[in-house]
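As a plain string of letters, each chain reads:
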Amino acid sequence: MSAVAAHPRTSHVIRTEAQLRALIGEPAQLTCAKISDRLNAMTRLFIERSPFLCIATSDSSGNCDLSPRGDPAGFVRILDERSLLIPERPGNRLADSLRNMLANPHIGLLFFVPGVTDTFRVNGRATVTVDEALLSPCAVEGKAPRLGILVDIDEAYTQCSKAFLRSRLWDPQLHIDPASMPTGGQVHRAIQGERFDAEQYDRERSERYLRRVGFY
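The structure reproduced in this document is the subject of the present report. Bear in mind that the values here come from a model prediction, so they are computed numbers and not experimental data.

Re the overall build of the protein chain
Then step 1. If you tally the helices and strands in the protein chain, you get 8 helices and 7 strands.
Then step 2. The C-alpha extent of the protein chain, read off along each of the three principal axes, is 55 × 50 × 40 Å.
Then step 3. Counting the 216 residues in the protein chain, one finds 29% classified as buried.
Then step 4. Here the analysis covers contacts within the protein chain between residues at least 6 apart in sequence; of these, 62% occur between residues at least 24 apart.
Then step 5. As displayed, the protein chain offers around 14,500 Å² of accessible surface, 55% of which is attributable to carbon and sulfur atoms.
Then step 6. In the protein chain, 27 side chains carry a positive charge and 26 a negative one; their mean positions are 2 Å apart.

Details of helix 1 (residues 17-24)
Then step 1. With 0 of 8 residues buried, helix 1 lies mostly on the surface of the structure.
Then step 2. Looking one or two residues beyond helix 1, the residue adopting positive phi is Gly25, at roughly 85 degrees.

Here's the deal with the sheet that holds strand 1 (residues 52-58)
Within a beta sheet, neighbouring strands are joined by backbone hydrogen bonds and run either parallel or antiparallel to one another.
Then step 1. What the 7 strands build is an open sheet, ordered 2-1-5-6-7-4-3; its pairing is antiparallel. Two strands bound the open sheet, and with one partner strand each, they are strand 2 (64-70) and strand 3 (77-80). Sheet twist, expressed as the mean angle between neighbouring strand axes with direction ignored, is 30 degrees.
Then step 2. Bridge count for strand 3 against strand 4 (residues 83-88) is 3 bridges, and the pairing is antiparallel. Bridge assignment links Ile78 to a residue of strand 4, and that residue is Leu84.

A few points about the environment of Ser206
Then step 1. Structurally, Ser206 can be placed in helix 8 (residues 198-210).
Then step 2. Judged by its relative accessible area of 39%, Ser206 falls in the partly exposed class.
Then step 3. Ser206 sits 165 residues away from Ala41 along the chain, and the two C-alpha atoms are 41 Å apart.

Rules behind the numbers
- Residues numbered from 1 in each chain as written.
- Predicted model: local features only at pLDDT ≥ 70, side-chain atom pairs only at ≥ 80, totals over all residues.
- Heavy atoms only, no water.
- Helix = DSSP H or I, 4+ residues; strand = E, 2+ residues; numbered from the N terminus.
- Buried < 20%, exposed > 50% of the residue type's maximum accessible area, 1.4 Å probe, protein only.
- Contact = heavy atoms within 4.5 Å.
- Areas by Shrake-Rupley, 256 points an atom, 1.4 Å probe, with all protein chains shown as cover.
- Lys, Arg positive; Asp, Glu negative; His and termini not counted.
- Charge placed at Lys NZ, Arg CZ, Asp CG, Glu CD.
- Pairing = 2+ DSSP bridges.
- Axes fitted to C-alpha atoms, helices over the stretch in contact; angles between N-to-C directions.

What follows is the structure in structure tokens.
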């Protein structure tokens, strides 16, 4: 186990699991009992009804990445009780998650179902595939993905609702007007300087999205 480095802002840090457990205690037996190495008739519903998930990966040095994936509900195929297939759609080509998987197969998934406060977690091992027979059933708008992520499940379990209840994420009364947030072009301008044409960038991107260019 690597030592926890000192932090420049404070010397009051947790350095060992023993210190952590002394503070937060042990998990309840019932909590541990829900962790399984496979899906069942109940937990598979979270995958079948989910239009959105987040994928956590890290490279061989432990540098982490968290990336979203979204499609029509049920886009993640359940191949059997211990394996999943996530279609890989066109993106920004940075390929952070995919490059990480090539170096380190360990992967974490968090599935969301709109309006449902429980989420579903899967930890396992990822393999990037180009198998057309596996990928062709994942076609949307007539286009099959060129890549997919096979996930062999090591752990699968529901995550309790407390984070969603505290955040009230699904409460429409708390939804923020998108116009009050910075646009992609404005973020680029903040990085690149005032000469960057944020309005043109946003206009062209909006036009591409309306035409669904690069969606599939």
